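# Structural overview for review
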Amino acid sequence: MKAKGVRLHGANDLRLEEFELPEITDDEILVKVVSDSICMSTYKCAILGTAHKRVHEDVADHPAIMGHEFAGDIVKVGKNHQDTFKPGMKFTLQPALNYKGTMWSPGYSYEFFGGDTTYCVIPAEVMELGCLLEYKGRAYYEASLAEPMSCSIGAFNAAYHTKMGVYTHQMGIKEGGKLAIMAGAGPMGLGALTYALHRDVRPSMIVVTDLNQDRLDRAAALFPPEEAAKDGIELHFVNTGNFEDPVAELLRISDGKGYDDVFCYAPVAAVVTQSSAILGRDGCLNFFAGPTDKNFSATMNFYDVHYNSTHVMGTTGGNTDDMIESLELTAEGRIDPSVMVTHIGGLDAAAETTLNLPKIPGGKKLIYTHLSMPLTALTDLREKGEKEGDKRLVELADIVDAHKGLWCPEAEEYLLANFIED
């Protein structure tokens with residue numbers, strides 16, 4: 001059957017094109033993709049091409065479908081999986097397959113498997129690994145965002161602490177400890193924040209830093225410190241650009257003792273060094289943001305590594321358990337991944353958006369693959385609708401405004417019912 005999607009042909013070469021999907025085998029599943037959220041990792045893949053670890057060398061001859069944060073409907077099931085999956089089921093998936101030691105993943109490595117497309121074929125290894133998940137929720141975008149949420153969940157679960165003279169790692173962030181999310185007012189940082197505030201094991205203090213005051217103001221509006229205080233959490237938003245010595249200010253907030261857990265959300269040497277400098281005794285630094293420069297390095301205090309047991313680690317992606325936790329917490333209303341979303345658009349906007357992602361302000365860009373729409377900020381829906389005389393955009397803006405300016409299931413349902421023409 002015919003599909004339409006954005007595919008990688010080489011570095012900085014993304015093309016929106018029609019192509020023929022092969023007939024599925026007994027061990028494959030055909031799906032209709034509805035939503036895909038664009039990840040900074042996809043941008044890195046797009047600009048690096050075959051220099052990216054997940055991209056195959058012959059991508060020019062066998063272009064890879066972009067996008068790995070996707071959800072949709074199952075259309076056709078190969079006979080080997082018909083006991084578990086049925087046509088009509090909603091699905092999402094964990095793209096970090098790690099299959100037989102490879103780094104292959106949808107959105108990077110597969111010719112017929114990815115999220116920025118109308119339809120795709122899910123290969124056998126996804127089901128073999130248990131990475132295809134039935135989704136029983138209401139909104140497709142929440143299932144798409146379960147993947148980026150699972151990355152932060154995985155980072156929290158991978159953190160560890162020790163006791164002097166004991167060689168056993170205590171996994172997870174320190175309960176009742178102090179936590180810093182550095183460069184954390186972007187979409188992934190806000191995902192980490194909603195999780196930190198509402199997971200079972202919580203810190204007593206959270207500090208979110210950034211250099212962009214608009215992003216910090218939006219974060220504070222979405223997560224008022226007085227609301228966090230009701231749950232016993234002291235929440236601070238700090239613009240480190242306002243201080244000659246930001247490390248001193250962050251240490252002052254922590255009463256001079258430093259932080260038990262620090263998550264670094266920017267591959268910037270200065271931010272990494274600041275993250276190291278604010279660690280308390282046995283502090284765990286998670287370098288979350290993946291750099292494109294293979295030689296990226298930054299200064300870290302090794303005196304503290306030796307005498308204060310500070311340590312550094314990194315995580316890339318989550319696992320299936322993290323994904324399931326994300327879906328469960330969203331279904332329970334404990335976390336709201338929509339805080340990450342600031343823009344929506346159609347499949348025709350996906351390539352340009354991906355290639356220019358660092359230049360576009362705001363948070364997550366959410367693509368609806370059966371829709372033709374330029375990338376549009378949620379805050380611009382009303383003005384755009386009034387300017388173009390499109391009442392649908394105005395009504396969509398009304399729905400968003402009624403939900404504190406956030407994307408929501410009602411908005412998605414209205415969009416899918418009124419904007420799709422095919």
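For the structure itself, consult the block above.
Residues numbered from 1 in each chain as written. Predicted model: local features only at pLDDT ≥ 70, side-chain atom pairs only at ≥ 80, totals over all residues. Heavy atoms only, no water.

Turning to the sheet that holds strand 2 (residues 13-20), a few remarks are in order. Paired through their backbone hydrogen bonds, the strands of a sheet run either parallel or antiparallel. Here three strands make up an open sheet; going across it, the order is 2-1-4 and the pairing antiparallel. Looking along the sheet, the strands with just one partner apiece sit at the ends: strand 2 and strand 4 (64-65). Two strands pair when backbone bridges link them, and strand 1 (residues 2-10) and strand 4 are joined in this way by two bridges, in the antiparallel orientation. Counted as the bridge partner of Leu8 is Ala64 from strand 4. (Pairing = 2+ DSSP bridges. Helix = DSSP H or I, 4+ residues; strand = E, 2+ residues; numbered from the N terminus.)

Let us look at the side chain of Thr240. On the secondary structure map, Thr240 appears in the loop between strand 13 (234-239) and helix 7 (246-253). Thr240 sits in the buried class, given a relative accessible area of 10%. Each residue touching Thr240, except ones within four places of it in the same chain, is listed here: Thr209, Asp210, Leu211, Pro246 and Gln274. (Buried < 20%, exposed > 50% of the residue type's maximum accessible area, 1.4 Å probe, protein only. Contact = heavy atoms within 4.5 Å.)

Here we come to the nonpolar core. Among the nonpolar cores identified, the biggest contains 59 residues, and Leu193, Ile206, Ile344, Tyr368, Leu396, Trp407 and Leu415 are the most heavily contacted of them. Residue assignment for this core shows that the elements contributing at least two residues are helix 3 (140-158), strand 11 (178-182), helix 4 (187-198), strand 12 (205-210), strand 17 (341-346), strand 18 (364-368), helix 13 (391-401) and helix 14 (409-418). For this core, the element with the most residues is helix 3, which contributes nine residues. Each residue touching Ile344, except ones within four places of it in the same chain, is listed here: Leu366, Tyr368, Met373, Pro374, Leu375, Thr376, Leu378, Leu381, Leu396, Trp407 and Leu415. Counting 20 residues, the second-largest nonpolar core is a separate cluster that includes Val33, Tyr99, Phe113 and Cys131. (Core = buried A, V, L, I, M, F, W, Y, C linked by side-chain atoms within 4.5 Å.)

Turning next to unusual backbone geometry. Residue Asn98 is not a glycine yet carries a positive backbone phi of 50 degrees. Given the relative accessible area of 54%, Asn98 is considered exposed. We note that Lys404 has phi near 60 degrees; this positive angle belongs to a residue other than glycine.

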